Amino acid sequence: MHSAIENWFTATARDLPWRGDCSPWGVLVSEIMLQQTPVVRVQPVWEEWLRRWPTPAALAAEPSGEVLRAWGRLGYPRRALRLHAAATAIVERFGGEVPGSREELLTLPGVGSYTAAAVAAFAFGRRENVVDTNIRRVHARLVSGKALPAQALTAAEMALSASLLPADVGESVLWNAGVMELGALVCTARSPKCGLCPVAGECAWIAAGRPEPDYIPKGQPWAGTDRQVRGAVMAVLRAAEQPVHRDLFLAPAADLAVEAEPGLDAAHRGPVRTALEKLHALETDPSQLERAIAGLLTDGLAQHSPTGLHLPN
Ligand code: SF4
């Protein structure tokens, strides 16, 4: 099982820029971005970030509003603020170098147990028990014979993963990366491609006759949610270099007022108007819009000044 997955990974792994010859900083940025966003959306943003901010010190020197602007449409933008805070902590406490141990990584803002293990393994070549969603799904099917892992991570899963980890340090890194890649590309959540799987002959789920899952996975609703409205408001703030008056968020009739808005220069009126039109097309209830804006202010993703809302300084 181990050699089959490791050989498959060596032969077929995607050529992603945060693999191979990449700085620990690049690996850390990729792991935070990939937490809740697919590779295809992360890659162009990651490349732009590493070009602009090749070191933690470079990112730490930026105002947080600029960091949020560069986060673009990756979603869950609090991750951008946490990455900014992590860069600052790396400069202040680790001399500007990403620390290499799991314990030190765990002290950084926004770095949980998965991310700490993944950075220690993939950036520093350490033997770590890396357990993400893809790895959990492969272990559940291949070893435990279940269609899906438990709804929340269990101690038994962590123990199973630790028991499967090769003793050899180099092989453990390859194993972690290989199982994760298998889960991302072949043993996918909705339609596993068992015909392409290098370990199909040893799969406990196949041997058990492909039993149904114990539960129906919850889809993540998007349309009509506060997250959707927050995303639309953030798009307006990212497009504007100056504060945008609160009234402009509220009503389609206010679109025309963008032309006369003294806070907006000519270069930004078009993108701001486009972003406002998308927000207004949602036809959000005013109370939901107010709630979304209040949430952004509370989370530090937006600020308000006498002239309107803007990204944090
Ligand atoms: S055979 Fe199918 S279910 Fe089993 S590990 Fe491979 S892809 Fe996943």
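Residues numbered from 1 in each chain as written. Predicted model: local features only at pLDDT ≥ 70, side-chain atom pairs only at ≥ 80, totals over all residues. Heavy atoms only, no water.

Bringing the overall build of the protein into the picture now. For the protein, the count of helices and strands is 17 helices and two strands. Along the three orthogonal principal directions, the C-alpha set of the protein runs to about 65 × 50 × 30 Å. In the protein, the proportion of contacts linking residues at least 24 apart, taken out of those at least 6 apart, comes to 63%. Carbon together with sulfur atoms contributes 56% to the accessible area of the protein, which is approximately 15100 Å² in total. Treating the 30 positive side-chain charges of the protein as one cloud and the 33 negative ones as another, the clouds have centres 4 Å apart. (Helix = DSSP H or I, 4+ residues; strand = E, 2+ residues; numbered from the N terminus. Contact = heavy atoms within 4.5 Å. Areas by Shrake-Rupley, 256 points an atom, 1.4 Å probe, with all protein chains shown as cover. Lys, Arg positive; Asp, Glu negative; His and termini not counted. Charge placed at Lys NZ, Arg CZ, Asp CG, Glu CD.)

Turning our eyes to something else, we now look at the nonpolar core. Trp 25, Met 33, Trp 49, Leu 83, Val 233 and Phe 249 are the most contacted members of the largest nonpolar core, which totals 58 residues. Once residues within four sequence positions are removed from consideration, Leu 83 is found in contact with Trp 25, Leu 28, Val 29, Ile 32, Trp 49, Leu 59 and Trp 71. Counting residues in hydrophobic clusters, the runner-up holds 25 residues, among them Phe 9, Val 138, Trp 175 and Ala 177. (Core = buried A, V, L, I, M, F, W, Y, C linked by side-chain atoms within 4.5 Å. Buried < 20%, exposed > 50% of the residue type's maximum accessible area, 1.4 Å probe, protein only.)

Moving on to helix α13 (residues 226–239). Taking 1.5 Å of rise per residue, the 14 residues of α13 would be expected to cover 20 Å, and the 20 Å separating its terminal C-alpha atoms lies within 8% of that figure. Among all positions in α13, only Gln 228, Val 229, Arg 230, Ala 232, Val 233, Met 234, Val 236, Leu 237, Arg 238 and Ala 239 are buried. (Expected span 1.5 Å × (residues − 1).)

We now examine the pattern of salt bridges. Applying the stated criterion across every chain, the model contains twelve salt bridges. With a closest N to O distance of 3.1 Å, Arg 52 and Glu 66 form a salt bridge. One end of the pair, Arg 52, is in helix α3 (residues 39–52); the other, Glu 66, is in helix α5 (residues 64–71), with 14 residues separating them in the sequence. Under the relative-accessibility criterion, Arg 52 is labelled partly exposed at 30%. Arg 291 serves as the salt-bridge partner of Asp 226, at 2.8 Å between the closest nitrogen and oxygen. (Salt bridge = Lys/Arg side-chain N within 4 Å of Asp/Glu carboxyl O.)

Glancing now at the site of the ligand. Taken together, the residues surrounding the ligand are Arg 141, Val 186, Cys 187, Cys 194, Cys 197, Ala 200, Cys 203, Trp 205 and Ile 206. Here the shell around the ligand is built from residues that sort into eight nonpolar, no polar and one charged. (Near = heavy atom within 4 Å. Nonpolar A, V, L, I, M, F, W, Y, C, P; charged D, E, K, R; others polar.)

Running from N to C, helix α1 (residues 2–12) and helix α11 (residues 169–185) point in directions that differ by 75°, and their axes come no closer than 8 Å. Classified by the interaxial angle, the pair formed by α1 and α11 is roughly perpendicular. Contacts from His 2, Ile 5, Glu 6, Trp 8, Phe 9 and Thr 10 of α1 reach α11 at Glu 171, Leu 174, Trp 175, Ala 177, Gly 178, Val 179, Glu 181 and Leu 182. (Axes fitted to C-alpha atoms, helices over the stretch in contact; angles between N-to-C directions. Parallel < 35°, antiparallel > 145°, perpendicular 65-115°, else oblique.)

A separate point is the domain arrangement of the protein. Reports of interface size often rely on the accessible area that becomes lost once the parts have come together. When the domains of the protein are assigned, the result is domain 1 (2–124), domain 2 (133–207) and domain 3 (226–310). Computed over C-alpha atoms, the centres of domain 1 and domain 3 are 30 Å apart. Listed as interface residues are eight residues of domain 1 and, on the opposing side, eleven residues of domain 3. Taking both partners together, domain 1 and domain 3 bury about 810 Å²; carbon and sulfur atoms supply 54% of that area. The interface formed by domain 1 and domain 3 includes two salt bridges. With a closest N to O distance of 4.0 Å, Arg 69 and Glu 241 form a salt bridge. The interface formed by domain 1 and domain 3 holds four residue pairs in polar contact (both at pLDDT 80 or more) in total. Sorting the residues of the side of domain 1 that touches domain 3 by element identifies α5 and α6 (78–94) as the ones contributing at least two each. (Domains from an automatic or database assignment. Buried area = accessible area lost by both parts, 1.4 Å probe. Polar contact = N/O pair within 3.5 Å; in protein donor to acceptor, adjacent residues only side chain to side chain.)

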